[in-house]
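# Working through the structure, step by step
This is what each chain is made of:
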Amino acid sequence: MSTPESRLNAFPIFMKVEGRSVVIVGNGDEALSKARLMAQSNADLTIVAEIPDEELAAWAAANDATLLREPYHSDHLAGATLAFAATGGEALDARIVADARAAGICVNAVDRPDLCDFFTPALVNRAPVAIAIGTEGAGPVLAQMIRTRIDRMLSPSLGKLATLAASYRAAVETLLPKGAARRAYWNEFFSGAPARAMEIGHFDEAQAAADELLARRGAVEGHVALVGAGPGAEDLLTLRAHRLLMEADVIVHDALVPEAVIAMGRRDAERIGVGKRKGCHSKSQAEINELLVELGRAGKRVVRLKSGDPLVFGRAGEEMAALRDASISYEVVPGVTAAFAAAADFELPLTLRGVASSMVFTTGHDLKGGTLPDWAKLAIAGATVAVYMGRSIAAELATRLIEAGLSPDTAVAVVENASLASKRLFHGTLADLPALESREDLTGPVMTIIGDAVAGARFDRSTALAADIFVPVAA
Ligand code: SAH
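Residues numbered from 1 in each chain as written. Predicted model: local features only at pLDDT ≥ 70, side-chain atom pairs only at ≥ 80, totals over all residues. Heavy atoms only, no water.

Once that is clear, we can look at the overall build of the protein chain. A count of helical and extended segments in the protein chain gives 15 helices and 18 strands. In terms of overall dimensions, the protein chain is more spread out than a globule: its C-alpha atoms have a radius of gyration of 30 Å, far above the 23 Å expected for 475 residues. Looking at the protein chain residue by residue over its 475 residues, the buried ones come to 44%. Sequence-distant contacts in the protein chain: of pairs separated by 6 or more residues, those separated by 24 or more amount to 64%. When the accessible surface of the protein chain is summed, it comes to about 24600 Å², and 54% of that surface belongs to carbon and sulfur atoms. Mean positive and mean negative side-chain charge positions of the protein chain (47 and 59 charges, respectively) differ by 6 Å. (Helix = DSSP H or I, 4+ residues; strand = E, 2+ residues; numbered from the N terminus. Rg over C-alpha atoms; globule rule 2.2 N^0.38 Å. Buried < 20%, exposed > 50% of the residue type's maximum accessible area, 1.4 Å probe, protein only. Contact = heavy atoms within 4.5 Å. Areas by Shrake-Rupley, 256 points an atom, 1.4 Å probe, with all protein chains shown as cover. Lys, Arg positive; Asp, Glu negative; His and termini not counted. Charge placed at Lys NZ, Arg CZ, Asp CG, Glu CD.)

Next up, the structure:
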């Protein structure tokens, strides 16, 4: 049973204001903030301010609000649906409240909860969808915090999607029996293909998907999102990645994606790890492709979570080809690639005016052949080179680049576990780079950045690659 403490003293409702009069009496920031809030609706707004602030007057002119430059009189409230007393003066506010009540108008007095008939919420507006957050005046900061969180969770296109949904209601009610079938339709409508098309601004496509869904009688279709998980820190995930994770039925992830990021997914989503880590069993790429196709065919919403950006050394090309061949719908969500995270940790400008104007993403593994790859020439011409998966070939990388003509003095930055609390930073020159290979204390992923632009990085938090050579203790 609920106790009085667990019940609300102010109950949220949605008030019809379209075309109706809302009157704000007052001036300054208080009046303006209520005006801004009400302007999120189609109410007819009147502001009564005898000598309005410049800002308030400009706002009223730009937002179609009627501004009455008159001293307040109770007649100003005539016919209003809602009224706000925001004069800042206690006696005047009290008079406005009394006048409003006498006329049967709901009234709010700014910063005077005792005088209020209603409170205004913190608002997440995705018209026609609205989320109103109230704390009964106890914590405006708390309300704003919650507002921000909810705002982040909801797609900016949710309003348009809801409007589209309204236009399908009649058809769905005619064609689909009440109960499970209808629920399945709307579930898929709001999280499947129509929602995805709307998200990228393709209204016609969303409509076509909604029609198709109706033709299929609401049967769900699988979808695979190849999602960049970023370099490791949870808050470097994109909002879109987060949203997809919360909607996923299945999350298929690599070993490099930390548990904390995977945990941001829907709690009851199935999780499948497919990456190798230090010799543990892992699936072959062909098996992963097959798995994604299988899950898609089974009508699952799949998030294929890859570290960094999915299109950078992520073998996404093969997965996309397999999905295309199987006619399974998919999308790609970019992520913060390791090179960018490492550069940020090092405060290292990847391009630097007059020094480096191009950038190479490489694994360095192509330096093994007889001929030098083109990117080596770019490096010599001053490009910044980001080396992925380069630890085990550090010595060969350095030797070949020096042979090719890159100065042994070229600056090198190395970051282990970029973006994570456990990150470690090292700096040195190309001549020092071979030391990396023998460092058995480096257990996390390592990003190596080479080039003159590296000299612009911040070195006071990194250790010298050469000076700190790790010597394993003899057994
Ligand atoms: N798609 C990923 C790269 C996958 S290849 C991306 O865009 O970042 C794996 C390599 O990425 C690792 O060997 C390492 O070189 C690099 N890497 C990934 N995460 C890293 C991190 N947090 N810190 C440093 N390097 C990282």
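Here the focus is the sheet that holds strand S1 (residues 21-26). Strands sit in the order S3-S2-S1-S4-S5 across an open sheet of five strands; the sheet is parallel. The two strands at the open ends of the sheet, each matched to only one other strand, are strand S3 (66-68) and strand S5 (106-109). For this sheet the average axis-to-axis angle between neighbouring strands, irrespective of direction, equals 15°. Alignment of strand S2 (residues 44-48) against S3, held across three bridges, turns out to be parallel. From the neighbouring strand, Val 48 faces S3, where its bridge partner is Leu 68. Packing of helix H3 (residues 90-102) onto the sheet brings it into contact with S1, strand S4 (80-86) and S5, and relative to S5 it is tilted by some 170°. (Pairing = 2+ DSSP bridges. Axes fitted to C-alpha atoms, helices over the stretch in contact; angles between N-to-C directions.)

Here we come to the site of the ligand. In the vicinity of the ligand, 17 residues are found, and the nearest of them are Asp 309, Val 312, Thr 337, Ala 418 and Val 446. One of the side-chain nitrogen or oxygen atoms of Thr 337 is found 2.6 Å away from an oxygen atom of the ligand. Measuring from an oxygen atom of the ligand, one finds a backbone N or O atom of Met 389 at 2.9 Å. Look at the ligand: alone it shows 550 Å² of surface, and the protein chains cover 92% of it. Split into classes, the residues belonging to the shell around the ligand amount to 12 nonpolar, four polar and one charged. (Near = heavy atom within 4 Å. Polar contact = N/O pair within 3.5 Å; in protein donor to acceptor, adjacent residues only side chain to side chain. Nonpolar A, V, L, I, M, F, W, Y, C, P; charged D, E, K, R; others polar.)

The subject of this paragraph is the packing of helix H5 (residues 158-175) against helix H6 (residues 180-191). Relative orientation of the contacting elements H5 and H6 amounts to 155°, with a least axis distance of 11 Å. It follows from the interaxial angle that H5 and H6 lie roughly antiparallel. For H5 against H6, the interelement crossing comes out right-handed. On the side of H5, the interface is formed by Leu 161, Ala 162, Leu 164, Ala 165, Tyr 168, Arg 169, Val 172 and Glu 173, while H6 contributes Arg 182, Tyr 185, Trp 186, Phe 189 and Phe 190. In terms of residue class, the contact of H5 with H6 is made up of 10 nonpolar, no polar and three charged. (Parallel < 35°, antiparallel > 145°, perpendicular 65-115°, else oblique. Left-handed = near helix turned anticlockwise from the far one by under 90°.)

Moving on to the nonpolar core. Across soluble globular proteins, nonpolar side chains show a tendency to be buried alongside one another. With 23 residues, the main nonpolar core has Leu 397, Leu 401, Val 414, Leu 430, Leu 433, Leu 436 and Ile 450 as its most contacted residues. For this core, the secondary structure elements donating two or more residues are helix H14 (374-380), strand S14 (384-387), helix H15 (394-404), strand S15 (411-416) and strand S17 (446-450). Tallying contributions element by element places H15 first for this core, with four residues. Each residue touching Leu 433, except ones within four places of it in the same chain, is listed here: Ala 394, Leu 397, Ala 398, Val 412, Val 414, Thr 448, Ile 450 and Leu 465. Ala 31, Trp 59, Phe 84 and Phe 118 belong to the second-largest nonpolar core, a separate cluster that totals 22 residues. (Core = buried A, V, L, I, M, F, W, Y, C linked by side-chain atoms within 4.5 Å.)

What follows deals with the packing of helix H11 (residues 285-297) against helix H12 (residues 316-325). Look at H11 against H12: their axes get within 9 Å of each other, and the N-to-C directions meet at 40°. Comparing the axis directions of H11 and H12 gives the class oblique. Helix-helix and strand crossings are classified by hand; for H11 and H12 the assignment is right-handed. From H11, Gln 285, Ile 288, Asn 289, Leu 292 and Val 293 reach across to H12, where they touch Glu 318, Glu 319, Ala 322 and Leu 323. Taken together, the residues of the contact of H11 with H12 sort by class into five nonpolar, two polar and two charged.

Right, let's talk about the pattern of salt bridges for a bit. Scanning all chains against the criterion turns up 26 salt bridges. For Arg 301, the salt bridge goes to Asp 249, with nearest N and O atoms at 3.6 Å. Of this pair, Arg 301 sits in strand S11 (residues 301-306) while Asp 249 sits in the loop between helix H9 (239-247) and strand S9 (250-253); the two residues are 52 residues apart in sequence, bridging distant segments of the chain. A salt bridge links Glu 319 to Lys 306; the nearest nitrogen and oxygen atoms lie 3.1 Å apart. Remark: Lys 306 occurs in strand S11 and Glu 319 occurs in helix H12; sequence separation between them is 13 residues. The buried category is assigned to Glu 319, whose relative accessible area is 0%. Note on Lys 306: relative accessible area 1%, which makes it buried. Put simply, Asp 249, Arg 266, Asp 268 and Arg 301 are held in one network by salt bridges that share partners. (Salt bridge = Lys/Arg side-chain N within 4 Å of Asp/Glu carboxyl O.)

We now examine a negative patch on the surface. A contiguous patch of negative charge, built from Asp 29, Glu 30, Asp 53, Glu 54 and Asp 111, is present on the exposed surface. Within the element layout of this structure, Asp 111 appears in the loop between S5 and strand S6 (122-126). Its relative accessible area of 68% is what places Asp 111 among the exposed residues. (Patch = residues over 30% accessible without salt bridge, like charges linked within 9 Å, V, L, I, M, F, W, Y side chains within 5 Å.)

The subject of this paragraph is the packing of aromatic side chains. Counted by the stated rule, this structure contains 11 aromatic pairs. Between Tyr 168 and Phe 189, the ring centres sit 6.1 Å apart and the planes meet at 55°, which makes this aromatic pair tilted. Remark: Phe 189 occurs in helix H6 and Tyr 168 occurs in helix H5; sequence separation between them is 21 residues. Classification of Tyr 168 as buried rests on a relative accessible area of 7%. The class for Phe 189 is buried, based on a relative accessible area of 0%. Connected via pairs of aromatic rings, a cluster forms that spans Tyr 168, Tyr 185, Trp 186, Phe 189 and Phe 190. (Phe/Tyr/Trp six-rings, centres within 6.5 Å; stacked < 30°, edge-to-face > 60°.)

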